[in-house]
Amino acid sequence: MRVYMRKSLLQIPSPSEEACSVDEEEAFLKDPEQIQDELPQPFRMISKLINTLIDDAWSTIQNRTQIKLAQQLKKQSPVLEATGQIQISGKTNCLASSDDGEYVFAGVSKGLCVFSALTNLAVSAWEEEDVEVTSLCVTCLGGQVYLIATVDDMGIARLLVYFSNFITLIKVINEPEDVSRRNLCTKFELSRGGDFAGVMLEGNGESWLEVYRFPKDSWLRELELAQTTSQKQQTADSQDGVLTETVPHISSVGDLKLSPSVIIMKIKPPKSISGTSLKSPFEVLQKTEDGSVIGSGQNHMISSRQWEEQETIFQSVYKKYLDTVESKKTEDKPCEGTFDFLLPGGLLPMFGEVKGPTGVPVAISLWWSGNHDLLKYLLVRPTKDKNDKTEVEPKPDVVWPNARPILCSAVSRCTKYIALGLTEGLLTVWDAYLGLPLSVLSIPRDSDIRHVQFMEPHTVNKDNVTCSTFQVNPKTQVLVSCKDGASHVVVSVRGRDTTVTRLTERSEDQSSLPSAIQSIPFQPNLVLFMSRNGTIALMDSTDGALICNFGLPASHALATPWDPVFLLDPERQSLFIRGDKKLSPDELLEGKVAASSLFIFNFNQFSFMESYRDTQTSVQAAKHPGTWEERCELYLQDRLQSLGDRNKAMAECWNQLQQHAASVRQRQEKHLNRTAVTQRSQVSF
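Not measured: the values here are computed from a predicted model. Along every chain, residues carry numbers that run from 1 in the direction the sequence is written. In keeping with the model being predicted, local features are shown solely for residues with a pLDDT of at least 70 and side-chain atom pairs are shown and tallied solely at 80 or more, while totals for entire chains, interfaces and linings include all residues. Only hydrogens and water are removed before side-chain values are computed, so all heavy atoms of the structure are retained for them.

Brief notes about the overall build of the protein chain
Counting its secondary structure elements, the protein chain contains 11 helices and 34 strands. Only protein chains enter the accessibility calculation, which uses a 1.4 Å probe. A residue is then buried if its area is under 20% of the maximum for its type, exposed if over 50%, and partly exposed in between. Among the 685 residues that make up the protein chain, the fraction classed as buried is 39%. A separation of at least 24 residues holds for 56% of the contacts in the protein chain among residues at least 6 apart in sequence. Exposure was quantified through the Shrake-Rupley algorithm and a 1.4 Å probe, taking into account, for residues, occlusion by the shown protein chains and nothing else. When the accessible surface of the protein chain is totalled, it reaches about 41500 Å², and 53% of it is carbon and sulfur. Starting at the N terminus, helices and strands are each numbered in turn, a helix being any DSSP run of H or I of at least four residues and a strand any DSSP run of E of at least two. Pairs of residues are marked as contacts when any of their non-hydrogen atoms sit within 4.5 Å.

Some thoughts on a nonpolar patch on the surface
The patch calculation keeps residues exceeding 30% relative accessible area without a salt bridge and links them within 9 Å when they carry like charges or within 5 Å when they are nonpolar (Val, Leu, Ile, Met, Phe, Trp, Tyr). Salt-bridge detection follows one rule: a side-chain nitrogen of Lys or Arg within 4 Å of a carboxyl oxygen of Asp or Glu. Together, F43, I46, I50 and I54 make up a nonpolar patch on the protein surface, roughly 380 Å² of accessible area in all. Looking at the element boundaries, I46 is found in helix α2 (residues 43-76).

Quick notes on the sheet that holds strand β21 (residues 426-431)
Following DSSP output, two strands are said to pair if at least two bridges run between them. Judged by pairing direction, the sheet is antiparallel, and its 4 strands sit side by side in the order β19-β20-β21-β22 without closing on themselves. This sheet does not close on itself; its edge strands, each paired only once, are β19 (406-411) and β22 (436-442). Neighbour-to-neighbour, the strand axes of this sheet turn through a mean angle of 15 degrees, independent of strand direction. Relative to β21, strand β20 (residues 417-422) is paired through 6 bridges, and the arrangement is antiparallel. Bridge assignment links L420 to a residue of β21, and that residue is T428. Throughout, an axis means a line fitted to C-alpha atoms (over the contacting stretch in the case of helices), and angles, computed between N-to-C directions, take values from 0 to 180 degrees.

Some thoughts on the pattern of salt bridges
As a working rule, side chains carrying opposite charge can pair if their charged atoms are close by. Evaluation of the coordinates by the stated rule reveals 9 salt bridges. Here E587 ties to K592 by a salt bridge, and the two come within 3.8 Å at their closest N and O atoms. Classification of K592 by relative accessible area gives partly exposed; the value is 48%.

Things to note about the pairing of strand β27 (residues 514-519)
The buried fraction of β27 is high, at 5 of 6 residues. Bridge analysis of β27 against strand β28 (residues 526-531) gives 5 bridges, and the strand direction is antiparallel. Across the sheet, S519 pairs through a bridge with V527, a residue of β28.

Regarding the packing of aromatic side chains
In this analysis, rings of Phe, Tyr and Trp, with Trp reduced to its six-membered ring, are considered paired at centre separations within 6.5 Å, and the interplanar angle assigns stacked below 30 degrees, edge-to-face beyond 60, and tilted for intermediate values. This model, assessed by the stated rule, comprises 12 aromatic pairs. Between the aromatic rings of Y103 and Y146, the centroid separation amounts to 5.5 Å while the plane-to-plane angle is 75 degrees, which identifies the pairing as edge-to-face. Of this pair, Y103 sits in strand β4 (residues 103-108) while Y146 sits in strand β8 (residues 145-152), and the two are 43 residues apart along the sequence. Comparing Y103 with Y146 shows no difference in burial state: the two are buried. Here the aromatic cluster, defined as three or more aromatic residues joined through ring pairs, consists of F522, F550, F601, F603 and F606.

Section: a negative patch on the surface
Residues E127, E128, E129, D130 and D153 make up a contiguous surface patch of negative charge. Its place among the elements puts E129 in the loop between β6 (122-127) and β7 (133-142). Judged by its relative accessible area of 59%, E129 is exposed. Here Asp and Glu are counted as negative and Lys and Arg as positive; His is not counted, and neither are the chain ends. Where a charge sits is defined by one atom per residue type, namely NZ (Lys), CZ (Arg), CG (Asp) or CD (Glu).

Considering unusual backbone geometry
Positive phi, normally seen in glycine, also occurs at S164, with a value near 55 degrees. Looking at the secondary structure, you find S164 in the loop between β9 (157-163) and β10 (166-172). Even without glycine at this site, N204 takes up a positive phi of about 55 degrees. Within the secondary structure, N204 sits in the loop between β12 (196-203) and β13 (206-213). Among the residues examined, N204 registers a relative accessible area of 78% and is labelled exposed.

Side note on the nonpolar core
Ranked by size, the top nonpolar core spans 25 residues in total, and within it L528, F550, L575, F603 and F608 carry the most contacts. Counting only elements with at least two residues in this core, the list comes to β28, β29 (536-540), β30 (546-551), β32 (566-569), β33 (574-581), β34 (596-602) and α9 (609-615). Residues in contact with F550, not counting those within four places in the same chain, are V79, L80, L528, I536, L538, L575, F601, F603 and F606. By size, the runner-up hydrophobic cluster in this structure holds 24 residues, among which are A157, L159, F163 and W208. Take the buried residues of types Ala, Val, Leu, Ile, Met, Phe, Trp, Tyr and Cys, join any two whose side-chain atoms come within 4.5 Å, and each joined set is a nonpolar core.

Some details on the confidence of the model for the protein chain
When pLDDT is averaged along the protein chain, the result is 78, and 74% of the positions lie at 70 or above. Within the model, the stretch residues 242-254 combines pLDDT values under 50 with 17 contacts to residues more than four positions away or in other chains. The pLDDT value expresses, per residue, how confident the predictor is, ranging between 0 and 100. For residues 617-622, every residue scores under 50 in pLDDT, and the model assigns this stretch 11 contacts once sequence neighbours within four places are set aside.

Re the side chain of N402
Mapped onto the elements, N402 comes out in the loop between β18 (398-401) and β19. Its relative accessible area of 12% is what places N402 among the buried residues. Pairs of N or O atoms are called polar contacts if they sit within 3.5 Å, as long as, within protein, a hydrogen donor faces a hydrogen acceptor (for residues adjacent in sequence, only side-chain-to-side-chain pairs). In terms of polar contacts, N402 uses its side chain to reach the backbone carbonyl oxygen of W400, at 3.2 Å. Setting aside anything within four residues of it in sequence, one finds N402 in contact with H372, D373, L374, L420, L422, T428 and W430.

Some points on the sheet that holds β9
Strands sit in the order β7-β8-β9-β10 across an open sheet of 4 strands; the sheet is antiparallel. The outermost strands of the open sheet, each flanked by one partner alone, are β7 and β10. The sheet shows a mean angle of 25 degrees between the axes of neighbouring strands, direction not considered. The pairing of β7 with β8 spans 8 bridges and is antiparallel.

Let's talk about the environment of Q227
Here Q227 is to be found in helix α3 (residues 216-239). Judged by its relative accessible area of 17%, Q227 falls in the buried class. It is 9.1 Å that separates the C-alpha atoms of Q227 and F163, two residues lying 64 residues apart in sequence.

Written as structure tokens, this is what we have:
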């Protein structure tokens, strides 16, 4: 009789998550007695279907209840109508206001328009075929001269100037010689006052930041000279009998010759850390130069072989998790950079020694998507670096490493505080002057942060330099919005606990998710909410109460509610919202373009603002401290005023230590007594 003998021992296969089905997971019994109560078929299937129907019905009831509550709140709260309207020919893509509140600039489908904020009438326009402005930044150079930075839908950045009711093109930043090899501009921002500009460019799968310095004083003199020459020419023509219906102006960049701008920095994203050929600590120290700045981790002694071994171990250990992640990966995109200009100040020597006019930035902060580090670069560098600073990538002067990748950031108007939104709902608020964190906390529900903004009053001193009031033991308020629709107000005070106030809850309905959340600059206690369903609401940040809704005329609707076009003018205390005229189904089939308008809501004409003006304390703008003596004086005042809070915190700390020491002593005495009793009992036996 033949007997089959196995050549190798039978091995039990290792369990895997793929082999485990959903039914097996659901059949797992936490209580062994439940197996006695299991229903037979087909009653078990019927029970499962009934439970599924009940769950679906319950979720539907919850969604309908949320919609009814939102409608009830909308009915109960007053709906404010627009106080003004501006008709615009073409589609409006972006809005910006001047620093003095005199003008409103609109980027339209065929160029640029300028409106008077006082009369709401168009005063000037710059038209160019096939140029649709999608991004806009405006600052005042001085007097009635305004510098304009635009980016169109093709990624071309242009620099223009508005003076004497006329717009003139100065320069095209990334004018392409070959269309197939052009560099696209994703962001073009100006520093307040127009001394510097930052341009974020992309090309050939790479991205980089170019920082320009503008000859502001030379431009003002040249523009004044050009205007004087134009007026003299007009006077001479009138004396010769030449009649002109309009005042002649400089109409092209060829007629206007301004001093050239200078590129001072070209910053690329940090390279990914890889293996090195350095073999000794001495070689690593030579690469670190003076060692006064925390590095980005590029100089190390880890070889390529060690990196490969570590990667192999990682891939083998977490293979089952990486298989599911790799299927969701998309095409790699260039890193996106976010930057802000920083004013002088702080106790760091490198920033304290930089001298310049009041309100002129001396540094720029930068972080790249997917990176942990916040980098700072000086805008004014030593003379020895002027010859090679455009060829060689500058090294950061300050590196602030973070525990997680940065998703969003915000800088206060005085640039003293910096808020960073990290992954997994982590928020950090830094005091940039002292280099110390004011608060580090995790937002509830562990949702990724989408947007952060400082809630502070808008103040302008006599030098037209925006700054926050210097407060001893200051309180910072940060508006935080998450991707799941929840929003919070985080209040941080040095030496005290951080408080978090929830404004809106997480929304399950995609149509009710907020598309824009912004603090009102002239009344920080108010927050503007715009939802994807077209709702525009105003809420109180102290308790989350709904104050009112803004309603457009019945013939119009909020344009692109998923990405609304609006502007909050802090000087005129007005809200500008773009609305498109509603089209009939036949007009939509014909492909007709809806006419757009700007609707104005002037907060000064609303009665509910009186109660907020009464509660708002008077704010006086303080000049930004410039010298070392002024900064040290402010720092000493801060320490003196916070002495009481620090003594109180110290007393509480000592009380906690004494209580802890007393509890430790009691536990030790109990342990000694228990040990003595045990020993006596053993001796007695």
